[in-house]
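# Secondary and tertiary structure notes
Each chain, letter by letter, is given below.
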Amino acid sequence: MNTIRSVFPLRELKFDAPADGVAQSARTFSGYGAAFNNVDAYGDVIMPGAFADFLSDAQAGRQPWPSMLSQHGGWGISAEDLTPVGVWQDLAEDGNGLRVTGQLA
């Protein structure tokens, strides 16, 4: 298996007034939550299809839709780790990885 290590630094971040005049749209963002076939800092590689079963179950109501938490909710340092910071509006796999769309609170 050939894997490619890629670094995806933040290249651009834009803040504009909402075109539709609705303040909520100003807090909406999209991008990739995970990239496929990329070797991460721990040597892990996420393969295409890794999220397919979960996404199917979540969309069908068999799994709860994931929460958007501060610091991924994984540090366990304080209750702040479990603070919701927004809502995921869409999660889907494409040829590049896990494409996410969310709205910050």
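The structure displayed is predicted, hence computed values, not measured ones.

### Topic: the overall build of the chain
What the chain contains, in helices and strands, is one helix and four strands. Beginning at the N terminus, the succession of helices and strands in the chain can be written as β-α-β-β-β. Long-range contacts, defined as pairs at least 24 residues apart, comprise 51% of the intrachain contacts of the chain with a sequence gap of at least 6. Summed over its atoms, the accessible surface of the chain is roughly 7900 Å², and 54% of this surface lies on carbon and sulfur atoms.

### Focus on the nonpolar core
In terms of nonpolar packing, the biggest core is built from seven residues, these being A34, L55, M68, W88, L91, L98 and V100. Going through the elements one at a time, β3 (84–93) and β4 (97–104) are the ones with two or more residues in this core. The contacts of M68, once residues within four sequence positions are left out, are F29, T83, P84, V85, G86, V87, W88, G102, Q103 and L104.

About the thresholds
- Along each chain, residue indices are assigned from 1 in the same order as the chain's sequence is written.
- Per-residue local features are limited, in this predicted model, to residues with pLDDT of at least 70; the limit for side-chain atom pairs, both in listing and counting, is 80 or more; totals at the level of whole chains, interfaces and linings are taken over all residues.
- The basis for every side-chain value is the complete set of heavy atoms in the structure, and neither hydrogens nor water enter the calculation.
- Comment: elements are numbered from the N terminus, with helices defined as DSSP H or I runs of at least four residues and strands as E runs of at least two.
- Note on contacts: a residue pair qualifies if any of its non-hydrogen atoms lie within 4.5 Å across the two residues.
- Working definition of accessibility: Shrake-Rupley area with a 1.4 Å probe, residue cover restricted to the visible protein chains.
- To qualify as a nonpolar core, a set must consist of buried Ala, Val, Leu, Ile, Met, Phe, Trp, Tyr and Cys residues joined through side-chain atoms within 4.5 Å.
- Here the term buried applies to any residue with accessible area under 20% of the maximum for its type, exposed to any over 50%, and partly exposed to those in between, with areas from a 1.4 Å probe on protein chains only.

In short, shape yes, function no, at least from these values alone.
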